Amino acid sequence: MVESLGSWWRSLTHRNDDDEHDADDDTLDDATNALLSMLPLASIVVDEHDEVIRAHPSAYSLGVVRDDVIIEDSVLQAVREVRSFGGKKQFDLTTTTAYVAQHTPKAGKLSTRQAAKQALIGQQPASKPTATVSRPNWLKVIVGKLSDNLVVVLISDVSESVRFSQVRDSFITNVSEQLLKPTQSLEQLADIVEQGGTSQQDVERNAMQLRQSCSHLEHMISDLLLLIKAQKPILPTTDNRINVMDPVRVVVNSHREVAAQRNITIDMKGDESLEINGEAEQIQAALAKLVENAITYSKDGSTINVVAKANEEGTEAVISVLDRGAGIAIGEQSRIFERFYRGDNQNDHSGDGIGLGLAIVKHVALTHHGSASVWSSPGQGSTFTLVLPLAGE
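Where an unreviewed UniProt entry is consulted, the protein chain appears under the name Sensor-like histidine kinase SenX3, with the organism given as Bifidobacterium catenulatum. Comment text from UniProt for the protein chain, heading Subcellular location (unreviewed entry), reads "Cell membrane".

Written out as structure tokens, the structure reads:
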């Protein structure tokens, strides 16, 4: 993206003197406005007092501009250097902003300072956000002069490509490991048989390792297939009406024995009147992932709480799973719903996971027009919440 900006940059910064505009700080000439409006980037124009006189709404949402001021020190420093010495500066920048479901201004439209602030600050979302998550933005920044007093900042958001690379790397690391384990176990078993004179106990032990590796592989393939199925939105019909407590009860009862092996108690309560429209198999699978996670990361002898109730407005079913585990670091909470991502809080019970469980929960929530979120604090455990719209009358 940065390399392809040369022609745009020359058009912006090498205009004829006759086209230069001597107006006040809050206006630019029509040619510059037109060029900036066509750029597929977030752009910021700064005057000689470091005040932002024009900015694309994304400059605010990406955490670079606030209240007509550039709040990123590295960008502001580059603006001052370019204004004083000329030339062009380009660099990478990572910001962190709050990501919420809200109205997004039309892409490609460059608003004035007042319009940008109205779009991102004054305008209310069409519906109340269900969750707020902080996550990083990876940006490519170019800074150059428009005139003696004006400096322009061009920002390319490459976050999606960076996140894709992270998912790809996690996939290669986690999935390849699970694919290799059965082969390695089979080779070990073959070596034992070929060598001869091996005790029956050694053969049985290696056969058990092979069986476990195959079981983990089958589990991974099952999760991948479930993730693929959980991509198509569920449409409400009279045939897919589900009482919320039915899958909750099935999941909790099927996991009590596993939990009891570590003296973990599962406490369940909920509103028996809640009904949703959905795919029962997917809902049950998502709840199973949450309960399995709670068992995996909880301390021996602790209690897990599973609660199903309606929200305050009576429009959604809220299913929460509370554990008493080690908790999740703040910096990881924005990534735990990504496919193949595994956090640093692994223990002896979580070593064979590949990071698909919470991704399945998220996609099941989305296909059912709901949401999934987490509250967690290191040392205090975690609360995972699955929110699903209630069925209409």
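Participant: In this structure, what is going on with the pairing of strand 2 (residues 52–55)? I would like to understand it.
Facilitator: Along a regular strand, successive side chains alternate from one face of the sheet to the other. Here strand 1 (residues 42–46) runs beside strand 2; their pairing, made up of three bridges, is antiparallel. Looking across to strand 2, one finds that V45 is bridged to R54. From the end of strand 1 to the start of strand 2, which pair antiparallel, there are five residues, and D50 there has a positive phi angle of about 65 degrees.

Participant: It is not clear to me how the pairing of strand 11 (residues 303–310) should be interpreted in this structure. Could you clarify?
Facilitator: Two strands pair when backbone bridges link them, and strand 9 (residues 265–270) and strand 11 are joined in this way by six bridges, in the parallel orientation. Its bridge partner being in strand 11, D267 is matched across the sheet by N305. Across six bridges, the pairing between strand 11 and strand 12 (residues 316–322) is antiparallel. Paired with V306 across the two strands is V321, which belongs to strand 12. The antiparallel pairing of strand 11 with strand 12 creates a hairpin that spans five residues between the two strands, and G314 there sits at a positive phi of about 70 degrees.

What counts, and at which threshold
Per chain, residues are indexed from 1 in the order of the written sequence. Reporting in this predicted model follows two pLDDT cut-offs: at least 70 for local features of residues, and 80 or more for side-chain atom pairs to be given and counted; totals over whole chains, interfaces and linings ignore these cut-offs and use all residues. The basis for every side-chain value is the complete set of non-hydrogen atoms in the structure, without hydrogens or water. UniProt positions are given in the numbering used here, feature names are shortened, and annotations may be inferred rather than shown by experiment. Note on pairing: DSSP must find at least two bridges between two strands before they are called paired. Under the DSSP-based scheme used, a helix requires at least four consecutive residues in state H or I and a strand at least two consecutive residues in state E, with every element numbered from the N terminus.

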